[in-house]
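These are the residues of each chain, in order.
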Amino acid sequence: MNVQFKNAKILKTRDDHGFEIVDGELWVKGNEIFYIGDGKDAEHTDCQDPIVWENPIDCEGNLLIPGFKNAHTHTPMTFLRSYADDMPLQDWLTKQVFPKEAQLTKEDVYWLDILGVMEYLTSGITSNFDMYLFPVENAKAFRDCGFRSVQTSGINNFSYSVKEVEEHYLAINEMGELNSFILGFHAEYTTSKEIMQGIGELAHKYKSPVFLHNAETKREVAECKERWGMTPTALTDALDLYRFGGGGYHMVHMEEADFEIMKKRNLFAVTNPCSNLKLASGIAPIKRYLDENIPLAIGTDGPASNNALDFFREMYLMTALAKVREEDASCVPAEEVLYAATAGGAHAMNLTDCDRLAVGKKADLVMIDLNQPNMQPENNLVKNLVYSGSKSNVKLTMVNGQILYKDHQFRIGFDPKEIYDRANAIISRMN
Ligand SMILES: [Zn+2]
């Protein structure tokens, strides 16, 4: 599909994490951005190879932005949404989440993923960094929707083997342009040293970054120090897991030496503000990460611990919580939040072709409806997006040049009612 977006405002990302907005047209040829400009200097056809354009889309002055990158999630946990809330984290995990997950089949995961994709599209999310039990089934579900997805291994003491992780790595990285796999494991508190070392060997063999849940709770860090005499960040660095980079999900309870390791290894901090609030885990030191030039990305975490897959809520809380933590209303400006939500996430997920709107980049983009009261007046559209924007402003979501969501209608090849029925049937079946 070749699509011409006309009469648009186009958000362009700068390397200094700022943005500028140009009025004009953005054309998508195949899966790439082919042209951005006023339309006058562009060649509409190529004599050798005429381009067939779909009917142009009149954006009516609305804003095109790069898609949000959900840099940490467990998508199939849609089935546990609002099932076991308002519990202490350890009880929630061991008495509710783990026993229910043990009853999931690979087919369940497939359908639950599609429910998650639908919610992502309504929130302007164009790719996810997913950790779950069956990575290959995960990858297939996202691919079948036309959605871009990066899998990471959630290996721990109770799941599959390091050898199987290698099989997942090879299978998913060969699955096609919408799928990729980055090495990882669940967390220090669920994973033996031998498994962590095994992941490290694979990371060296394949030159892959490594990601894990890290420093989510005070208890996790304290117990790691009791076991190993060091923080999870120091332990994983001592095991030489970060030779090719990587990072951590949550990264809330950090010690001084941890920041030095992150800088030395170029590690990403993937923040999950909603999940950290709901599970009473704490508030991440976002200002410190920015001050230290430690790269940031944003994730929703799974829908059982959030419970929404809503990037506008994450963006608002990322900056609002940082302001409260630092008692400084000037810290963590909206531009840094939007950068983390788009380019930062893309870089963490090794999707550098999807990080911004520019010629030659992949067409992963969102049309934001400005013709709604919460986006007016247009004093500063970046501030509007972060401080007053909402899912209701998402008018169109395009992934890899394909429109997957437009005007509240999904174009992913599945009937929404069937997906809702399947999700309800899966959780109803469990005991
Ligand atoms: Zn998580």
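Just above, that's the structure.
So, here is what we can say about the structure in this document. (Residues numbered from 1 in each chain as written. Predicted model: local features only at pLDDT ≥ 70, side-chain atom pairs only at ≥ 80, totals over all residues. Heavy atoms only, no water.)

1. Thoughts on the packing of aromatic side chains
For any pair of aromatic rings, the description rests on two quantities: the centre-to-centre distance and the angle between the ring planes.
Alright, step 1. According to the stated counting rule, one finds 16 aromatic pairs in the structure shown.
Alright, step 2. When the ring of tyrosine 316 is compared with that of tyrosine 387, the centres are 6.4 Å apart and the planes differ by 90 degrees; the resulting orientation is edge-to-face. Of this pair, tyrosine 316 sits in helix α11 (residues 311-326) while tyrosine 387 sits in helix α13 (residues 381-388), and the two are 71 residues apart along the sequence.
Alright, step 3. Look at tyrosine 387 and you get partly exposed, because its relative accessible area is 33%.
Alright, step 4. Chaining the aromatic ring pairs together yields one cluster made of Phe68, Phe311 and Phe312.
Alright, step 5. Here arginine 288 stacks its cationic end above the ring of phenylalanine 259, 4.1 Å away from the centre of that ring.
Alright, step 6. Here the basic side chain of arginine 422 rests over the ring of tryptophan 111, its NZ or CZ set 3.9 Å away from the ring centre. (Phe/Tyr/Trp six-rings, centres within 6.5 Å; stacked < 30°, edge-to-face > 60°. Helix = DSSP H or I, 4+ residues; strand = E, 2+ residues; numbered from the N terminus. Buried < 20%, exposed > 50% of the residue type's maximum accessible area, 1.4 Å probe, protein only. Lys NZ or Arg CZ within 6 Å of the ring centre and 35° of its normal.)

2. Describing the sheet that holds strand β6 (residues 68-73)
Alright, step 1. Sheet architecture is open: 8 strands sit in the order β6-β7-β8-β9-β10-β11-β12-β13, paired in parallel fashion. At either end of the open sheet lies a strand with only one pairing partner, and these are β6 and β13 (296-298). The mean inter-strand angle of the sheet, taken between neighbouring strand axes irrespective of direction, is 25 degrees.
Alright, step 2. In terms of strand pairing, β6 meets strand β7 (residues 125-132) through 4 bridges, oriented parallel. Of the residues in β7, the one forming a bridge with lysine 69 is serine 127.
Alright, step 3. Packed onto the sheet, helix α5 (residues 193-206) meets β8 (148-153), β9 (179-187) and β10 (210-214) and runs at close to 155 degrees relative to β9. (Pairing = 2+ DSSP bridges. Axes fitted to C-alpha atoms, helices over the stretch in contact; angles between N-to-C directions. Contact = heavy atoms within 4.5 Å.)

3. Quick notes on the state of the cysteines
Alright, step 1. Across all of its chains, the model carries 0 disulfides by this definition.
Alright, step 2. Not part of a disulfide, cysteine 274 finds its nearest cysteine sulfur in cysteine 331, a span of 18 Å. (Disulfide = S-S within 2.5 Å.)

4. Thoughts on empty space enclosed by the protein
Alright, step 1. Applying the stated criterion across every chain, the model contains 1 cavity of 30 Å³ or more.
Alright, step 2. Here the largest cavity is characterised by a volume of approximately 60 Å³.
Alright, step 3. Where the lining of the largest cavity is concerned, the elements lending two or more residues are α9 (273-278) and α11.
Alright, step 4. For the lining of the largest cavity, the element with the highest residue contribution is α11, accounting for 4 residues.
Alright, step 5. Across the lining of the largest cavity, the residue classes break down as 8 nonpolar, 3 polar and no charged. (1 Å grid on protein atoms, 1.4 Å probe; cavity = no way out; pocket = protein on both sides within 12 Å on 5 of 7 lines; lining within 4 Å. Points joined across faces, edges and corners; volume = space filled by probe spheres on them. Nonpolar A, V, L, I, M, F, W, Y, C, P; charged D, E, K, R; others polar.)

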